[in-house]
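Residue-level structural notes
Given next are the chains, with one letter for each unit.
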Amino acid sequence: MLKLEGLKKSFGGVAATRDVTLDFADGSLTAVIGPNGAGKTTLFNLITGRFPIDSGRILLGGENIAGLSRREIVRRGIGRAFQVASLFPTLTVREALAAAAQAHQRRETAMLVGFPTAAAMKHADEVMELLGLTRVAGILSRNLSHGDQKLLDIGLALALEPKVLLLDEPTAGMGPEERWRMIETVQRLWRARGMTLIFIEHDMDIVFKVAQTVRVLSYGAVLAEGTPEEVRRNPQVIEAYLGKSAHGAAEGAAA
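Model, not experiment: these values are computed from the prediction. (Residues numbered from 1 in each chain as written. Predicted model: local features only at pLDDT ≥ 70, side-chain atom pairs only at ≥ 80, totals over all residues. Heavy atoms only, no water.)

**So, helix H5 (residues 146-158)**
As a reminder of what qualifies: Segments assigned H or I by DSSP are reported as helices when at least four residues long, segments assigned E as strands when at least two residues long, and all are numbered from the N terminus. The length a helix should cover is 1.5 Å for every residue beyond the first. When accessible area is computed with a 1.4 Å probe and restricted to protein chains, residues below 20% of their type maximum are described as buried, those above 50% as exposed, and intermediate ones as partly exposed.
The end-to-end C-alpha separation of H5 is 19 Å, in line with the 18 Å expected for 13 residues at 1.5 Å each. Across the 13 residues of H5, 12 count as buried, placing the element largely inside the fold. Within H5, burial applies to Gly147, Asp148, Gln149, Lys150, Leu151, Leu152, Asp153, Ile154, Gly155, Leu156, Ala157 and Leu158.

Written out as structure tokens, the structure is:
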């Protein structure tokens, strides 16, 4: 579904990504991990067109989308939710999701029709049900709890009907119980929609329990990739990122 071929990006002579080549299969669930500054968020920014690439290709369904506008990349099927929720603060949850859905369904003519359309509201209700947001449908986005704001941000990306969904640290800023509830919601979403889902995560317990495949970045390059078990036992990953204590803890959690 999504292939990255030889992606390179530098800022002021500092290489942020170094010849990154990765293949994300259709319907796969992948974690991208690595120490701070490894290039994880930069990689997402390149995929979504937030930053232009220096060289390489980004193939979505075999078509190179590198160089397209951010709006066009979204239209082609790339959706993204951020570390910090990006919301419609003066709209309720239902209104915000309906607005996103209507803008996607109507695109340039969205403002020429009444708001909200029945189709947009129906889609908003479906997304709320999937993410467990129906209970807060009438609450203003700005008044939501941190966890619900993160869910709404994912919902806004879902309203655009992506083929590939990128989640940048979906559990950031949450307590232990709230993190697991969030990741269970992400799993449910992935199973229900059958989309290609890629998430950045620092909690190794979550990564090793949830992901089908793990890709490890270090200094902008791909250090390792494989199943959670393969990555957890990879000596290079242990030395560069996990450390012996984290490796032992991960083995204990898997037991």
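**Considerations on the packing of H5 against helix H6 (residues 176-193)**
Selection rule: Angles run from 0 to 180 degrees between N-to-C directions of axes, and those axes are lines fitted to C-alpha atoms, restricted for helices to the stretch in contact. Roughly parallel covers angles under 35 degrees, roughly antiparallel covers those over 145, roughly perpendicular covers 65 to 115, and oblique covers all other angles. Definitions for this section: a left-handed crossing has its near helix turned counterclockwise from the far helix by less than a right angle. A right-handed crossing has that turn clockwise. Contacts were defined at the residue level, with two residues in contact if any of their heavy atoms lie within 4.5 Å. Classification used: nonpolar for Ala, Val, Leu, Ile, Met, Phe, Trp, Tyr, Cys and Pro, charged for Asp, Glu, Lys and Arg, polar for all others including Gly.
H6 packs onto H5 with a crossing angle of 15° between their chain directions and a minimal axis gap of 11 Å. If you check the angle between H5 and H6, you find them roughly parallel. For the pair H5 and H6, the sense of crossing is right-handed. Residues Gly147, Lys150, Leu151, Ile154 and Leu158 of H5 pack against Glu178, Met182, Thr185, Val186, Leu189 and Arg193 of H6. Per-class residue counts for the contact of H5 with H6 are six nonpolar, two polar and three charged.

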